[in-house]
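# Chains, contacts and geometry: an overview
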Amino acid sequence: MNTTRRSFLKSGVLLAAAAAGESLAQGKTGKPWKTSVGLNGFMSSEGRFHHSYPIWEILDFTSREGFDGVELVEGWPHGAYPKSNEAERIAALKRMYEAYGLRPYTFQTGSADAYAADQARRDAWIAQFSEHVNLARNLGCDFIGHWPGGDLAGNANLDEAITHLIASYREAAKRAADAGLYFSFEIEPPFVFNTFETLQRILAEVDHPACKTNFDPSHFDLMWERKGKPHEMLQKLGVQHIGHVHLTDCDGTLFEGTSKHLACGDGHCDIPAALKTLWDGGYRGWIMNDAWMIDDAYDAYRKGKAAIDAALKVGGAANPEL
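All of the points below concern the structure found in this document. (Residues numbered from 1 in each chain as written. Predicted model: local features only at pLDDT ≥ 70, side-chain atom pairs only at ≥ 80, totals over all residues. Heavy atoms only, no water.)

What follows concerns the pairing of strand 10 (residues 286–289). Residues Trp 286 and Met 288 of strand 10 are buried on one face, and the alternating residues Ile 287 and Asn 289, pointing to the opposite face, are buried as well. Two strands pair when backbone bridges link them, and strand 1 (residues 34–38) and strand 10 are joined in this way by 4 bridges, in the parallel orientation. Pairing of Thr 35 across the sheet is with Ile 287, part of strand 10. Sheet analysis places strand 7 (residues 242–247) next to strand 10, joined by 3 bridges and oriented parallel. Across the sheet, the residue bridging to Leu 247 is Asn 289, located in strand 10. (Buried < 20%, exposed > 50% of the residue type's maximum accessible area, 1.4 Å probe, protein only. Helix = DSSP H or I, 4+ residues; strand = E, 2+ residues; numbered from the N terminus. Pairing = 2+ DSSP bridges.)

Below, the structure is given as structure tokens:
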């Protein structure tokens, strides 16, 4: 590894400074954490458990339960994302959410092309990422999510794949920053990138404040000996590197191709400790309640929101300025 510990710490300082600025701004608005639901939860519950979730019902529920926004997902409920130059479609999409007092604050993207051995595939991914940056800016999003899922994508070994991903993420971070955004990537246990050491290396070698990572207790649990203490891995990684939170519980197993997601309190993860670690570490951003492959998505979102509200009461009591 070429990046030194000093360089990694330098990146951490930059991220911490950005987080501090966000903390001050959000403190003034009384929203140290903004909460959301993910359309991926409704999509997967509909597909796996055959429920029906009309979009207007989802948005009405999300608004009534006191959430602030929605994380969009490609292909659901009605096809692909708009193109960044489709002003009328973007305006219509924004109006739909704003009518319920909500924001489409981010959206999901994913591709193995970001680390493919073929340079042409990586170049095409950068071009697509730039298009997504423009779309996110026009939608009024805060950041973009990315999932580097897939096989080795033609690379000879894992080290080569990581090296290519780091190079792509360096360029992606520059383009996101130029647009006033950042991106938050998420590695999962079934991915080729699936260890704490890999996650740490990617952050260290990209070394850019616009490149952050997701905290998902279910994934951290499976990458941290499945002992129900994902906050321990979070502490070792450093909260300053977190750009987004997918809040979910887990029982330490896999289900339908990823870490099993459970409503907060239904698994073995210490969710209060995870939220306290985020709070104490200075995280002041979006927390999406993640109901991926959960039968009753509405129940999962209510339980997740209750866990966040409880943590905010504790944090707010200790930090009355917020």
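Looking now at the sheet that holds strand 2 (residues 69–72). An order of 1-2-3-4-5-6-7-10 is seen for the 8 strands of this closed barrel, with the pairing classed as parallel. Direction aside, the axes of adjacent strands within the sheet are offset by 30 degrees on average. Note that strand 1 and strand 2 share 3 bridges and pair parallel. In the strand pairing of strand 2, Ser 36 is matched with Gly 69. On the sheet, helix 6 (residues 158–178) packs against strand 4 (143–147), strand 5 (182–185) and strand 6 (211–215) and is oriented at approximately 140 degrees with respect to strand 5. (Axes fitted to C-alpha atoms, helices over the stretch in contact; angles between N-to-C directions. Contact = heavy atoms within 4.5 Å.)

The residue Gly 243 is located in strand 7 in this model. Relative accessible area serves as the criterion here: at 3%, Gly 243 is assigned to the buried category. Along the primary structure Gly 243 and Glu 186 are separated by 57 residues, whereas in three dimensions their C-alpha atoms are 10.0 Å apart. Sequence-distant contacts of Gly 243, that is, excluding residues within four places in its chain, are made with Phe 143, Tyr 182, Ser 184, Lys 212, Thr 213 and Tyr 283.

Here we come to the nonpolar core. When a protein is soluble and globular, its nonpolar side chains tend to lie buried together. Counting residues in hydrophobic clusters, the biggest one holds 94 residues, and the most contacted among them are Leu 39 and Phe 42. Looking at this core, the element that brings in the most residues is helix 6, giving 8 residues. Among all residues touching Leu 39, those that are not within four sequence positions of it are Ile 55, Ile 58, Val 70, Glu 71, Leu 72, Val 73, Trp 76, Pro 77 and Tyr 97. (Core = buried A, V, L, I, M, F, W, Y, C linked by side-chain atoms within 4.5 Å.)

This brings us to the layout of surface pockets. Looking at the largest pocket, its volume works out to about 320 Å³. Lining the largest pocket are 21 residues; nearest its centre among them are Asn 40, Gln 108, Trp 147, Glu 188 and Trp 292. Ranked by the residues each element gives to the lining of the largest pocket, the list is headed by strand 3 (residues 103–110), at 3 residues. (1 Å grid on protein atoms, 1.4 Å probe; cavity = no way out; pocket = protein on both sides within 12 Å on 5 of 7 lines; lining within 4 Å. Points joined across faces, edges and corners; volume = space filled by probe spheres on them.)

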